[in-house]
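Chain and residue survey
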Amino acid sequence: MVLESLKKTLSLLASTPVLWVPGIVMGLFGLLDLAAQYSLGEFVAGRMWIIEMVVVPFFVGALMHVIREGQGTAGVFLQGGLKYYFRILIPTVLIAFAVILTVILLLVPLSIMGIALEMLPFIAAGSAVGIFFFTFFYDAAAVFEDAKVFDSIRRSIEVVLRNPGAVILFYIVILAFFAAILLIFALIWTAILYESLTPLIGMDTSMIESFTPDDLIALIGPRGVAITAVLYMAAAAITFPFVYTYKSAFFQKYAQQAEPEHLQGEYDTKGRWYKY
């Protein structure tokens, strides 16, 4: 059934060109991010994620609404982005705060135990993975079931808990896709910039360990940065539509199996519930 969702994903991407628009926009943001980091510095570039976080819910809602309605028109696309914008944005913020709060609550006992703050990135990553594993489908619930803020998070958890095996396979497919895209574009990037990267071959272990992103930018130069930005944009333009279309197809397939059970019965004169 997971493969059926994957086949539907590929079919939707092939037959509905408007689904690629969010990926192109996210790719452009990535290109601007790298360009800003090179020309304006990491301080400015590091804050562009705020703009992206505000914009992403619009395109997620638009993409999923197109899939829900089965119409790939510009009107349906814009309608979905506007209709579901806040239903996706607010849970996104809540989940982000949940991750931050979890990290803070974990740091207190760990600090008392004398565990170094160098573990913070691993703690944050572990907390984020754990929370995102169960809440990943909140945006799909908001669009396909018109669920409100907390209901969308609850429905995501229900889908995961009722279909753990399928969800794990879903994540495996996503990770495999990420790995394939990363490998392909890394090979293309290395082949194009091979001459610029040649000095790395002669570096020893200590030099490589002290190598920073700024050193890499200086090594590949403006041409290399431009090529990197274009390849990053292309990778994002492919990855974003695939992930969210696949998520939509998967949720549509498995959400019905996670429908809460509606009990039928009646109360007696003493207020006791009797199930039929």
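Overview of the structure. (Residues numbered from 1 in each chain as written. Predicted model: local features only at pLDDT ≥ 70, side-chain atom pairs only at ≥ 80, totals over all residues. Heavy atoms only, no water.)

**Re the layout of surface pockets**
When its volume is computed, the largest pocket comes out at roughly 1,600 Å³. Every residue lining the largest pocket is counted, 43 residues in all, and those nearest its centre are Phe178, Thr239, Phe240, Val243 and Tyr244. Broken down by secondary-structure element, the contributors of at least two residues to the lining of the largest pocket are α2 (21–39), α4 (48–69), α6 (85–112), α7 (120–135), α8 (138–144), α10 (164–192) and α13 (213–254). Ranked by residues supplied to the lining of the largest pocket, first place goes to α13 with 10 residues. For the lining of the largest pocket, the per-class residue count stands at 34 nonpolar, 5 polar and 4 charged. Estimates place the volume of the second largest pocket at around 170 Å³. Surrounding the second largest pocket, Leu34, Gln37, Trp189, Pro213, Leu216, Ile217, Ile220, Val225 and Thr228 form its lining. Mapped onto the lining of the second largest pocket, the elements with two or more residues apiece are α2 and α13. (1 Å grid on protein atoms, 1.4 Å probe; cavity = no way out; pocket = protein on both sides within 12 Å on 5 of 7 lines; lining within 4 Å. Points joined across faces, edges and corners; volume = space filled by probe spheres on them. Helix = DSSP H or I, 4+ residues; strand = E, 2+ residues; numbered from the N terminus. Nonpolar A, V, L, I, M, F, W, Y, C, P; charged D, E, K, R; others polar.)

**Overview of the packing of aromatic side chains**
What the rule picks out here adds up to 18 aromatic pairs. Pairing Phe59 with Phe77 gives two aromatic rings, centres 6.3 Å apart and planes at 55°, and the pair type is tilted. Placement of Phe59 in helix α4 and of Phe77 in helix α5 (residues 74–83) is noted, with a sequence separation of 18 residues between them. With a centroid separation of 3.9 Å and 15° between ring planes, the pair formed by Phe177 and Phe242 is classed as stacked. Residue Phe177 is located in helix α10, and its partner Phe242 is located in helix α13; the two are separated by 65 residues in the primary sequence. Residues Phe177 and Phe242 agree in their burial class; the two are buried. Put simply, the rings of Phe133, Phe134, Phe136, Phe137, Phe170, Tyr171, Phe177, Phe242, Tyr246, Phe250 and Tyr254 pair up and form one aromatic cluster. Lying over the aromatic face of Phe136, Lys247 brings its terminal NZ or CZ to 3.8 Å of the ring centre. (Phe/Tyr/Trp six-rings, centres within 6.5 Å; stacked < 30°, edge-to-face > 60°. Buried < 20%, exposed > 50% of the residue type's maximum accessible area, 1.4 Å probe, protein only. Lys NZ or Arg CZ within 6 Å of the ring centre and 35° of its normal.)

**Section: α4**
For α4, spanning 22 residues, the distance from its first C-alpha to its last is 32 Å, which sits close to the expected 32 Å at 1.5 Å a residue. Taking the largest bend as the criterion, α4 deviates by roughly 30°, centred on Val55, and proline Pro57 comes between one and four positions later. Backbone geometry just downstream of α4 places Gly70 in the positive-phi region, at approximately 70°. (Expected span 1.5 Å × (residues − 1). Bend = angle between axes of the 7 residues up to and from the residue.)

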